[in-house]
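Structure at a glance
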Amino acid sequence: MSTRGVNFLDQWLANNVPETTKADVISVDELTHKLIADAKAIGIKRSEIDEEVDSLYRTILDAIVHFDPGLLD
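Worth saying up front: this structure is predicted, and the values here are computed from it rather than measured.

1. Description of the pattern of salt bridges
- Counted according to the given criterion, the structure contains four salt bridges.
- Its salt-bridge partner being D50, residue R46 comes within 2.9 Å of it at the nearest N-O pair. Of this pair, R46 and D50 both sit in helix α3 (residues 46-50), four residues apart, which is roughly one turn of that helix.
- For the salt bridge of D62 with R58, the shortest nitrogen-to-oxygen distance reads 3.9 Å. Note that D62 and R58 are positioned in helix α4 (residues 56-65) at a spacing of four residues, about one turn of the helix.
- When its relative accessible area of 32% is taken as the criterion, D62 is described as partly exposed.

Structural data, given as structure tokens:
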């Protein structure tokens, strides 16, 4: 289990899922690629994130659908 991976994911979602993001395949795909690139830039491997969630796609989609600025902070 990677605490570093899940902490990064939580913070990244809070900072990168705007309320205007649409819950469509293209938006989720773009956010997924950005998340992976941002993680790699600070030395976090995708496997550290993947082991914390069943599906990265589903996690990002859920964050978009259930976006609430007060809950993510």
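Having seen the model, we can carry on.
2. Some thoughts on the confidence of the model for the protein chain
- Of all residues in the protein chain, 88% attain a pLDDT of 70 or more, and the chain-wide mean is 86.
- Within the protein chain, helix α2 (residues 25-41) carries the highest mean pLDDT (94), whereas helix α5 (residues 69-72) carries the lowest (52).

3. A word on the nonpolar core
- Counting residues in each nonpolar core, the largest one holds 17 residues, and the members touching the most others are F8, L9, L13, L35, I49 and I60.
- For this core, the secondary-structure elements that each account for two or more residues are α1 (3-16), α2 and α4.
- The element contributing the most residues to this core is α4, with five residues.
- Sequence-distant contacts of I60, that is, excluding residues within four places in its chain, are made with L13, V28, L31, T32 and L35.

4. What to know about the environment of L31
- Topologically, L31 is positioned in helix α2.
- Taking the C-alpha atoms as reference, L31 lies 9.5 Å from L61; in sequence the two are 30 residues apart.
- Apart from residues no more than four positions distant in its own chain, L31 is found in contact with W12, N16, V17, T21, I60 and I64.

Conventions we followed
- Residues numbered from 1 in each chain as written.
- Predicted model: local features only at pLDDT ≥ 70, side-chain atom pairs only at ≥ 80, totals over all residues.
- Heavy atoms only, no water.
- Salt bridge = Lys/Arg side-chain N within 4 Å of Asp/Glu carboxyl O.
- Helix = DSSP H or I, 4+ residues; strand = E, 2+ residues; numbered from the N terminus.
- Buried < 20%, exposed > 50% of the residue type's maximum accessible area, 1.4 Å probe, protein only.
- pLDDT = per-residue confidence, 0-100.
- Core = buried A, V, L, I, M, F, W, Y, C linked by side-chain atoms within 4.5 Å.
- Contact = heavy atoms within 4.5 Å.

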